[in-house]
Amino acid sequence: MKTALLIIGILALLMGLLWVGQGIGVVHWPASGFMIDQRPWAVRGTILAAVGLILIVWSRRR
């Protein structure tokens, strides 16, 4: 269970950081993506990255 939480946490953190990058316009991949320069995706990405970080910490403490 610890390993699964760790993997899910890492994936959520990385996906959240990608969403933040796309939402603030730093990452332009894919070039025609609907999330580029859209602030709501930056907020959602921040929330997802925070959840991922919490899962990582929680899996390491259990």
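Residues numbered from 1 in each chain as written. Predicted model: local features only at pLDDT ≥ 70, side-chain atom pairs only at ≥ 80, totals over all residues. Heavy atoms only, no water.

**Some words on the packing of aromatic side chains**
Phase 1: Scanning the model with the defined rule gives 2 aromatic pairs in all.
Phase 2: Considering the side-chain rings of Trp-19 and Trp-41, the 5.3 Å spacing of their centres and the 80° angle between planes classify their relative orientation as edge-to-face. Of this pair, Trp-19 sits in helix H1 (residues 2-23) while Trp-41 sits in helix H2 (residues 39-61); the two residues are 22 residues apart in sequence, bridging distant segments of the chain.
Phase 3: Measuring from ring centre to ring centre gives 5.8 Å for Phe-34 and Trp-41, while their planes differ by 75°; the resulting arrangement is edge-to-face.
Phase 4: The ring of Trp-41 has Arg-44 lying over it, and the distance from NZ or CZ to the ring centre is 4.7 Å. (Phe/Tyr/Trp six-rings, centres within 6.5 Å; stacked < 30°, edge-to-face > 60°. Helix = DSSP H or I, 4+ residues; strand = E, 2+ residues; numbered from the N terminus. Lys NZ or Arg CZ within 6 Å of the ring centre and 35° of its normal.)

**Structural notes on H2**
Phase 1: The first and last C-alpha atoms of H2 sit 33 Å apart over 23 residues, in line with the 33 Å expected at 1.5 Å per residue.
Phase 2: Those residues of H2 that fall on the buried side of the exposure criterion are Trp-41, Ala-42, Gly-45, Ala-49, Gly-52, Leu-55, Ile-56 and Ser-59.
Phase 3: At its buried positions, H2 is contacted by H1. (Expected span 1.5 Å × (residues − 1). Buried < 20%, exposed > 50% of the residue type's maximum accessible area, 1.4 Å probe, protein only. Contact = heavy atoms within 4.5 Å.)

**Overview of a nonpolar patch on the surface**
Phase 1: On the surface, Ile-10, Leu-14 and Leu-17 cluster together into a nonpolar patch covering about 280 Å² of accessible area.
Phase 2: Positionally, Ile-10 belongs in helix H1. (Patch = residues over 30% accessible without salt bridge, like charges linked within 9 Å, V, L, I, M, F, W, Y side chains within 5 Å. Areas by Shrake-Rupley, 256 points an atom, 1.4 Å probe, with all protein chains shown as cover. Salt bridge = Lys/Arg side-chain N within 4 Å of Asp/Glu carboxyl O.)

**Thoughts on the environment of Met-15**
Phase 1: Along the chain, Met-15 falls in helix H1.
Phase 2: What makes Met-15 partly exposed here is its relative accessible area of 42%.
Phase 3: Separated by 34 residues in the primary sequence, Met-15 and Ala-49 have C-alpha atoms spaced 7.2 Å apart.

**Describing the environment of Ser-32**
Phase 1: Positionally, Ser-32 belongs in the loop between H1 and H2.
Phase 2: On the basis of relative accessibility, which here comes to 70%, the residue Ser-32 falls in the exposed class.
Phase 3: For the pair formed by Ser-32 and Ile-10, sequence separation is 22 residues and the distance between their alpha carbons is 26 Å.

**Some points on unusual backbone geometry**
Backbone phi values are negative for most residues with the exception of glycine, while trans is the configuration of most peptide bonds.
Phase 1: Between Trp-29 and Pro-30 the backbone carries a cis peptide bond, its omega angle lying at -10°.
Phase 2: As for its position among the elements, Pro-30 is in the loop between H1 and H2.
Phase 3: Positive phi is not limited to glycine here, since Asp-37 has a value of about 60°.
Phase 4: One can find Asp-37 in the loop between H1 and H2.

In short, geometric facts, not functional conclusions.
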